[in-house]
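# Examining the three-dimensional arrangement
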Amino acid sequence: AHRDENEEEEEDGDARRARKREEDWYLRQLRIEIREFLNRLLSDRRFKAFARPVDPLDAPDYYEIVAQPVDLSLMAQANDNGRYRTVVQMVQHMDLLVENAVKYNPAHTEDGAAILRRAHALVDFTHAWADGLDGVLVEACNVIYERRRRAE
């Protein structure tokens, strides 16, 4: 039995759509996991200092010292917009948030030391959370990211 090219193209199209549906499912699961984690952080009073952008009235020189400001609400928005296709991307963003805290807050002051302790707790909490994620989900998202990056 001879199959014509249209049938093969239809199957290729069906296979592509099925793969895209599967990939979208994995990426959605990752967004859900990240959203739940960020919501926990946003509701945790220990991390209140990192919940919203730094107010220039509270820290007038912050935006001169910190070139790439990051806060938990910005990360939540990035997640909702599909920016994080891998766990590593989200964790790197969290690491930047902590680097900013270290860069701006002097460890020798009481307030600075308190913020730095919370920042380090935040990064430890984040890495522990990431390490506990389902390995199949993490690996699937890594593969999807690499495949789509190469296709662009």
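Above this text you will find the structure in question.
Attention in this report is confined to the structure presented alongside it. Given the structure is predicted, the values throughout are model-derived calculations rather than measurements. (Residues numbered from 1 in each chain as written. Predicted model: local features only at pLDDT ≥ 70, side-chain atom pairs only at ≥ 80, totals over all residues. Heavy atoms only, no water.)

## Section: the pattern of salt bridges
Here the structure, examined in full by the defined rule, presents nine salt bridges. A salt bridge links Arg17 to Asp14; the shortest N-O distance between them is 2.5 Å. With Arg17 and Asp14 both in helix 1 (residues 5–42), this residue pair falls three residues apart, about one helical turn. On the basis of relative accessible area, Asp14 is assigned to the partly exposed category, the value being 44%. Between Arg148 and Asp24 there is a salt bridge; the shortest N-O distance is 3.2 Å. Pair noted here: Arg148 is in helix 6 (residues 135–151) and Asp24 is in helix 1, with a separation of 124 residues, a long-range link. Arg148 sits in the buried class, given a relative accessible area of 17%. (Salt bridge = Lys/Arg side-chain N within 4 Å of Asp/Glu carboxyl O. Helix = DSSP H or I, 4+ residues; strand = E, 2+ residues; numbered from the N terminus. Buried < 20%, exposed > 50% of the residue type's maximum accessible area, 1.4 Å probe, protein only.)

## Regarding the layout of surface pockets
The gaps left among the atoms become clear once a water-sized probe is rolled over them. In this structure, the largest pocket encloses a volume near 410 Å³. Along the walls of the largest pocket sit 19 residues, with Ala49, Arg52, Pro53, Val54 and Tyr62 positioned nearest its centre. Contributing elements (two or more residues each) for the lining of the largest pocket: helix 2 (62–65) and helix 4 (87–104). (1 Å grid on protein atoms, 1.4 Å probe; cavity = no way out; pocket = protein on both sides within 12 Å on 5 of 7 lines; lining within 4 Å. Points joined across faces, edges and corners; volume = space filled by probe spheres on them.)

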